[in-house]
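Topology and contacts: notes
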Amino acid sequence: MIEPVKRMNVTDSIVNQIKDLVLQGKLNEGDKLPPERELMNLFGVGRPSLREALKVLEAQGLIEKTQKGTIITGNHDKFFSDSLMFQLYFSSADWQDIFEARRFLEKELTYLATTRANSEDFNEIEQTIDDMELSVRENNQTEYVRSNLEFHKKIAKASKNLVLFNLYESINNLVKHSQESGVTVYGVMTESLNYHKAIFKAMKERNAERASELMVKHINSVEGYFQKSQN
């Protein structure tokens, strides 16, 4: 499974090989890496390069050193979604790209969640609406953004699709930034709340088409408010 690496950029080569093995399912949660000396021979590298690579992987949360040896952690789903988030955050993507991605992704997440959500999922989503309603009454913008983000996250979770959920998680910080800007525009919290209620009602009725269409309209509305906040 492991191949000798080229001398240039040795540390990155080791890190990337181990990440690839996790992505391919050849290394899974709880699997123990070979001892240090064996890894040195497999990679064809010296101890300093290997230890540097293992430090990088440990800092990123992909491996953990225990009394039994170095093991693959259960955090790799979060690690890869975080990696994508950082790539997007530092890329040249602008706010129009973000809203375009949200329309595409959240429409499907809402459709799936409407067909797959169980009573516990619905209760969690309803709680976020209650929290938003309280925030509107108290004109608490910070709490509104928090509960608003939770509403969308709970829907993503209720889709029962781990890949789509992780994709949503990867853009979550970018979504938060747009919401923090848009929420300052007068009237946005009330209109947003009404959309959330309508989306949830359609979901409870198992009307996936209507729920997903309302989600797209809601995101279009938020985009309009965000645009106003930038002028």
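Residues numbered from 1 in each chain as written. Predicted model: local features only at pLDDT ≥ 70, side-chain atom pairs only at ≥ 80, totals over all residues. Heavy atoms only, no water.

The protein chain is annotated in an unreviewed UniProt entry as FadR/GntR family transcriptional regulator of Fredinandcohnia salidurans.

1. With respect to the overall build of the protein chain
Spelled out, the test is: Numbering of helices and strands runs from the N terminus, with a helix taken as a DSSP run of H or I at least four residues long and a strand as a DSSP run of E at least two residues long. Throughout, exposure labels follow a simple rule: accessible area from a 1.4 Å probe, protein chains only, divided by the maximum for the residue type, with under 20% read as buried, over 50% as exposed, and the rest as partly exposed. We call two residues in contact when some of their heavy atoms are within 4.5 Å. Each accessible area value is a Shrake-Rupley result obtained with a 1.4 Å probe; residue values ignore everything except the protein chains displayed when judging cover.
The helix and strand tally for the protein chain stands at 11 helices and 2 strands. Written out in order from the N terminus, the α and β elements of the protein chain read α-α-α-β-β-α-α-α-α-α-α-α-α. Considering the protein chain as a whole, with its 231 residues, one finds that 42% of them fall into the buried category. For the protein chain, long-range pairs separated by at least 24 residues make up 72% of all intrachain contacts whose partners lie at least 6 apart in sequence. If you sum the accessible surface of the protein chain, you get close to 12900 Å²; carbon and sulfur atoms cover 48% of it.

2. Quick notes on unusual backbone geometry
Unusually for a residue other than glycine, N139 sits at a positive phi of about 50°. As for its placement among the helices and strands, N139 is situated in the loop between α6 (119-138) and α7 (141-158). Using a relative accessible area of 54% as the deciding quantity, one classes N139 as exposed. Phi at K160 is positive, roughly 60°, even though this residue is not glycine. Considering the arrangement of structural elements, one finds K160 in the loop between α7 and α8 (162-170). Judged by relative accessible area, K160 falls into the partly exposed class, the value being 44%.

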